[in-house]
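Here are the chains, one letter per residue:
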Amino acid sequence: MNHWTKILAAGAMAVTAGSAVAEERFITIGTGGQTGVYFVVGQSICRLVNRGSADHGLKCTAPSTGGSIANINAIAAGDMDMGVAQSDWQFHAFNGSSQFEGKGVPKLRAVFSVHGEPFTVIARKDANIASFDDLKGKRVNVGNPGSGQLATMEVVLAAKGWTMADFSLASELKPAEQAAALGDNKVDAIIYTVGHPNGSIQEAVSTVEANLVPVEGEAIDKLIADNPFYAKASVPGGMYAGSPDDTPTFGVKATFVTSEDVPEDVIYQVVKAVFDNFDRFKGLHPAFANLKEEEMIADGLSAPLHPGAAEYYKERGWLQ
Ligand code: GLU
């Protein structure tokens, strides 16, 4: 290559690089309360996506939201492109069952699942709550409107033949407020379907003596037997002050979902950003530490895979 062909070649490369700069496109991920793990999921995915903005043009933001139900509704309305949602609500939204009866979201698409979320009950020690049944007559924060925990709590109550009226108070504070409410003796117990370890629960148990409450019994066993998206789960002993032993309960998976209306190349780039940088992703929250790719592309997913995600998984040889 002589001097001139070198210069011409360099010029051609610059032109190619210039025209390869994709148009800017803003994408949003619905998360949950700022003290939850969904917020970290969304922020982490966006951080990895935004490292490649110069190449693919995507600019990702992940605002705090009400949680699972709020995210699915925002995706259905086209207000958000993606979101995090519990596997039980992904199932019901796609199939138009439970709370989504008559308002199913058939265009909901699965992308991958993330961490497990035990249905977690934390009570003040002085409220003497040793089992779920002891919650009867107590002041309980049942979860904010739009959250997965409120929706799943309603399922649990129905399974037990209870209603919200079985509590002396059923408050709907957000995750960020409920730890303080427990500490200030405004409620006896709080409900949170969330990955562990979780900062707001750590905060709650450090300001007041509190214990995790087992959620077991016939009604729970039947829920698990009847529904593929529920499984036995436990919160490891020693994770939180006041709960030295494993606490049995049931749980779901946190899942990452989108709509069939979101273009294939967008979801492809998002999934690629996560799995091309998987070790980095797993380091962004302790609840992600044990994630495995093969489980993430199968477990907890009931809506069809978005084609942009499937394309990347095929490329990696994870899907046929
Ligand atoms: N599982 C909760 C929900 O669906 C959110 C938990 C979190 O923010 O990590 O609303």
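Up top is the structure.
Here's a quick rundown of the structure. Source: prediction; values computed, not measured. (Residues numbered from 1 in each chain as written. Predicted model: local features only at pLDDT ≥ 70, side-chain atom pairs only at ≥ 80, totals over all residues. Heavy atoms only, no water.)

## Some words on the overall build of the protein chain
And step 1. Helix and strand counts for the protein chain come out as 13 helices and 10 strands.
And step 2. Taken over the C-alpha trace, the protein chain has a radius of gyration of 22 Å; the compact-globule value for 320 residues is 20 Å, and the two agree within 12%.
And step 3. Counting only residues that meet the buried cut, the protein chain has 50% of its 320 residues in that class.
And step 4. Long-range contacts, defined here as pairs at least 24 residues apart, represent 75% of the contacts in the protein chain between residues at least 6 apart.
And step 5. In the protein chain, which carries 25 positive and 37 negative side-chain charges, the distance between the mean positions of the two groups comes to 4 Å. (Helix = DSSP H or I, 4+ residues; strand = E, 2+ residues; numbered from the N terminus. Rg over C-alpha atoms; globule rule 2.2 N^0.38 Å. Buried < 20%, exposed > 50% of the residue type's maximum accessible area, 1.4 Å probe, protein only. Contact = heavy atoms within 4.5 Å. Lys, Arg positive; Asp, Glu negative; His and termini not counted. Charge placed at Lys NZ, Arg CZ, Asp CG, Glu CD.)

## A closer look at the site of the ligand
And step 1. Around the ligand lies a shell of 13 residues, among which V37, Y38, S68, G148 and T193 are the nearest.
And step 2. The contact in question runs from a nitrogen atom of the ligand to an N or O atom on the side chain of Q86, over 2.9 Å.
And step 3. In the environment of the ligand, a nitrogen atom lies 2.8 Å from a nitrogen or oxygen atom belonging to the side chain of E117.
And step 4. Elements represented by at least two residues in the shell around the ligand include exactly α6 (148-160) and β7 (189-193).
And step 5. Here the residues of the shell around the ligand are counted per class, giving 4 nonpolar, 8 polar and 1 charged. (Near = heavy atom within 4 Å. Polar contact = N/O pair within 3.5 Å; in protein donor to acceptor, adjacent residues only side chain to side chain. Nonpolar A, V, L, I, M, F, W, Y, C, P; charged D, E, K, R; others polar.)

## Remarks on the environment of R124
And step 1. Mapped onto the secondary structure, R124 falls in strand β4 (residues 108-124).
And step 2. For R124, a relative accessible area of 7% translates into the label buried.
And step 3. C-alpha separation for the pair R124 and N185, spaced 61 residues apart in sequence, amounts to 8.2 Å.
And step 4. Once you skip the residues sitting within four places of it in the chain, R124 turns out to touch L182, G183, D184, N185, V187, D188, V208, E209, A210 and N211.
And step 5. At 2.9 Å, the side chain of R124 forms a polar contact with the side chain of D126.

## Here we look at the pairing of strand β2 (residues 58-61)
And step 1. Burial along β2 is one-sided: L58 and C60 are buried, while K59 and T61, pointing the other way, are not.
And step 2. Where strand β1 (residues 25-30) meets β2, 4 bridges bridge the pair, whose relative direction is parallel. Across the sheet, F26 pairs through a bridge with K59, a residue of β2. (Pairing = 2+ DSSP bridges.)

## Here we look at unusual backbone geometry
And step 1. Cis geometry marks the peptide bond from H196 to P197, where omega comes out at 0°.
And step 2. Inspection of the secondary structure puts P197 in the loop between β7 and α8 (199-207).
And step 3. Residue S98 is not a glycine yet carries a positive backbone phi of 50°.
And step 4. Considering the arrangement of structural elements, one finds S98 in the loop between α5 (87-95) and β4.
And step 5. When its relative accessible area of 35% is taken as the criterion, S98 is described as partly exposed.
And step 6. Residue N128 is not a glycine yet carries a positive backbone phi of 50°.
And step 7. Of note, N128 is situated in the loop between β4 and β5 (139-141).
And step 8. Taking relative accessible area as the criterion, N128 reaches 63% and is therefore assigned exposed.

## Considerations on the state of the cysteines
And step 1. A complete count under the given rule lists 1 disulfide for this structure.
And step 2. C46 shares a disulfide with C60; S-S distance 2.0 Å. In this structure the cystine formed by C46 and C60 twists about its S-S bond by roughly -55°; its chirality is therefore left-handed. Taken as a pair, C46 in helix α2 (residues 38-50) and C60 in strand β2 lie far apart in primary sequence, 14 residues in all. (Disulfide = S-S within 2.5 Å.)

## Section: the packing of aromatic side chains
And step 1. Going through the model one piece at a time under the given rule, you end up with 18 aromatic pairs.
And step 2. Ring centres of F229 and Y230 lie 4.8 Å apart, and the angle between their planes is 75°; on these two criteria the pair is classed as edge-to-face. Taken individually, F229 and Y230 each receive the classification buried, so the pair is uniform in this respect.
And step 3. Where Y230 meets F250, the ring centres are 5.2 Å apart and the plane angle is 90°; that geometry is what we call edge-to-face. Within this pair, whereas Y230 is found in the loop between α9 (218-226) and β9 (231-235), its partner F250 is found in strand β10 (residues 247-259), the two being separated by 20 residues in sequence.
And step 4. For F250, a relative accessible area of 1% corresponds to the buried category. (Phe/Tyr/Trp six-rings, centres within 6.5 Å; stacked < 30°, edge-to-face > 60°.)

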